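Secondary and tertiary structure notes
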Amino acid sequence: MPKNFQSPSGMHDIFGEQYDYFERIREVFFKVAKIYGFEGIETPVMENIKVFTRGVGEHTDIVEKEMYSFKTKGGDQVALRPEGTAGIARSYIEHNLYTRTQPIKFFYFAPFFRYERPQAGRYRQFWQFGLETIGKESPVLDAQIIAVMYNVFQELGIKDLVVEINSMGDSSCREEFEKVLKKHFKKENSSLCADCKKRIKKNPLRVLDCKKCIKVKESAPQIVDYLCIQCRDDFKKVLEYLEELNIPYDLNSFLVRGLDYYTNTVYEFFASGSEERLALGGGGRYDGLINLLGGEETPATGAAMGVERTILSMKENEIKVEKETPRVFIAQLSDLAKRKCLKLFEEFRKANVPVSESFGQGSLKRQMNKANKMNAEYVLIMGEEEAVEDRIIIRDMQSGQQENIKTKEAVKEIKKKLK
Ligand code: AMP
């Protein structure tokens, strides 16, 4: 067939085996998040652009280089969401969620958009599963989010994980640290890459994130030495909770995350053994964000994991997703049989007995092949003769034995056999 169209660069169709992985991750994540008292939220895929320029930060790569933004026909300046937290913070303020019992705990599983150079593990539309806890300040809430994500990965079979963790301090210890950092980088200016030369003016912390300026950052001062007593104490508590929960972590003083809104504890998840060391996801505390968007000072913490990267990691670890298929298959061999089997299928559905079918196929051989592939234990076969007599054959696929029963007995008989 001529292929006139392709999906946009860096954006993918998800189906078949990829969809099975996708569905499994969503299922496990929803289940675990609900156990910890999180509720679902869906926000629009686009927001007023200021939600991101103010929230995520004007001088971050995400906003400066990667955001899909445009003017609507009505003249509103909007952007496709590059991440989930800013939109949820907007929603928290808009719906007065601070008037409810705090904290508010949300989970989401949604697509995001960043105009990045497409490569393995990096797409322009990608999916994340994320958590946000807004409205209460306590290090245990940071540890809880890390624990939920850790448990999701464990349940998916990604056992060998490490959490890299750091504290960025609150705005005052950070201000102090940024001054010291600027001084250090100015001294080393000639060794910085072109991007970092600009970064030291607007956001020197981001140099710590740079993949090119490794030497300069290795000799840089470390933020943990500039934390105030409260921030140090909070960070220590998060680490103690992780130890209590047996969650392995590595301190990484270069970890600052790419977005402006983070404060205090920040972290990223890595699957050990992953060849390219792409992060599975990350998160942290963002006590300043709600205020940046026009709300009151509100403590908050959250994390987001990449779905595609989680799938890559599952495949690298040879983790298969077993699909549960029905144990019963209905095969039909004439127009009348098809009509009757359509009705029979509905009866099975109403009785909550999952069955499979291939109504689009006419040949018995093809239908039996499909039933075999699915490992069906029983096949119900209706030919022209059975259809006329309102009967159906039950074939036990293991023994090859067949019985001929009344169609109206089929649900009851199958239920009995499946017990
Ligand atoms: P971030 O908040 O930018 O660290 O993103 C959190 C996680 O989302 C990352 O660790 C990745 O797993 C995933 N992610 C971010 N950007 C992309 C992308 N362009 N393509 C695929 N996954 C991504």
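Residues numbered from 1 in each chain as written. Predicted model: local features only at pLDDT ≥ 70, side-chain atom pairs only at ≥ 80, totals over all residues. Heavy atoms only, no water.

Observations regarding helix α11 (residues 307-316)
Stated precisely, the cut-off is as follows: The buried label goes to any residue with under 20% of its type's maximum accessible area, the exposed label to any with over 50%, and the partly exposed label to all in between, with areas taken from a 1.4 Å probe on protein chains only. Think of it this way: any DSSP run of H or I at least four residues long counts as a helix, any run of E at least two long counts as a strand, and we number them from the N terminus. Two residues qualify as a contact provided that any one of their heavy atoms is within 4.5 Å of a heavy atom in the partner residue.
With respect to burial, α11 is a largely interior element, seven of its ten residues being buried. Residues of α11 that are buried: V307, E308, R309, T310, I311, S313 and M314. Its buried side turned inward, α11 meets α1 (16-35), β5 (104-113), β6 (125-134), α5 (139-156), β9 (263-271) and β11 (300-306). Positive phi appears at E318, one or two residues downstream of α11, with a value of about 55°.

What about the pairing of strand β14 (residues 378-382)?
Note the cut-off: By the convention used here, strands pair only if DSSP detects at least 2 bridges between them.
Of all five residues making up β14, five are buried, and the element is well covered by its neighbours. Both faces of β14 are covered, namely the face carrying Y378, L380 and M382 and the face carrying V379 and I381. Bridge analysis of strand β12 (residues 328-332) against β14 gives five bridges, and the strand direction is parallel. Bridge pairing links V328 to Y378 in β14.

A look at the pairing of β12
For the record, the criterion: Here the term right-handed applies to a crossover when the path leading from its first strand over the helix to its second strand runs clockwise, the strands being oriented away from the viewer.
Of all five residues making up β12, five are buried, and the element is well covered by its neighbours. Of the two faces of β12, the one carrying V328, I330 and Q332 and the one carrying F329 and A331 are both buried. As paired strands, β12 and strand β13 (residues 355-357) are joined by three bridges and run parallel to one another. Following the sheet pairing, F329 is matched in β13 by S356. In this region the chain leaves β12, passes through helix α12 (residues 335-350) and returns to the parallel neighbour β13; the handedness of that crossover is right-handed.

Quick look at the site of the ligand
Basically, it comes down to this: We call a residue near a given molecule or strand whenever any one of its heavy atoms falls within 4 Å of it. Any pair of nitrogen or oxygen atoms within 3.5 Å is treated as a polar contact; in protein, a donor-acceptor pairing is required on top of that, and neighbouring residues in sequence qualify only through side-chain atoms on both sides. To measure how exposed things are, a 1.4 Å probe is used in the Shrake-Rupley method; for residues, cover is taken only from the protein chains shown.
With respect to spatial proximity, 14 residues lie near the ligand, and among them R114, E116, Y123, R257 and L280 are the closest. A distance of 2.8 Å separates a nitrogen atom of the ligand from a polar backbone atom of Y123. Between the ligand and R257 there is a distance of 2.8 Å, counted from an oxygen atom to a side-chain nitrogen or oxygen. Relative to its free-state accessible area of 480 Å², the ligand is covered by the protein chains to the extent of 91%. If you list the elements that add at least two residues to the shell around the ligand, you get β6 and β11.

Digging into the sheet that holds strand β15 (residues 391-396)
Using the following cut-off: In this analysis an axis means a line fitted to C-alpha atoms, helices contributing only their contacting stretch, and an angle means the value between N-to-C directions, from 0 to 180 degrees.
Here five strands make up an open sheet; going across it, the order is β13-β12-β14-β15-β16 and the pairing mixed. Each having just a single partner strand, β13 and β16 (402-406) make up the two edges of the open sheet. When strand polarity is set aside, the average angle formed by the axes of neighbouring strands in this sheet is 25°. Across the sheet, helix α13 (residues 364-373) lies against β12, β13, β14 and β15, angled at about 175° from β12, the strand it touches most.

Notes on the environment of V32
Note on placement: V32 falls in helix α1. On the basis of relative accessible area, V32 is assigned to the buried category, the value being 5%. Each C-alpha atom, one on V32 and one on E385, is 51 Å from the other, the two residues being 353 residues apart in sequence.

Some remarks on the nonpolar core
Cut-off, in case you're wondering: Only buried residues count toward a nonpolar core. Its members are Ala, Val, Leu, Ile, Met, Phe, Trp, Tyr and Cys residues joined through side-chain atoms within 4.5 Å.
Core analysis: the largest hydrophobic core is formed by 53 residues, its most contacted members being F52, V56, F185, L192 and L208. Sort the elements by how many residues they give to this core and β5 lands first, with five residues. Apart from residues lying up to four places away in sequence, F185 is in contact with L192, I200, P204, V207, L208, V216, K217 and A220.

Focus: the pattern of salt bridges
For clarity, the threshold we go by: One speaks of a salt bridge when a side-chain nitrogen belonging to Lys or Arg is within 4 Å of a carboxyl oxygen belonging to Asp or Glu.
Inspection of the entire model under this criterion finds 22 salt bridges. A salt bridge links K412 to E409; its shortest N-O distance comes to 3.1 Å. Residue K412 is classed as exposed on the basis of its relative accessible area of 55%. Taken together, the shared-partner salt bridges in this structure form one network comprising D61, K65, D195, R199, R206 and D209.

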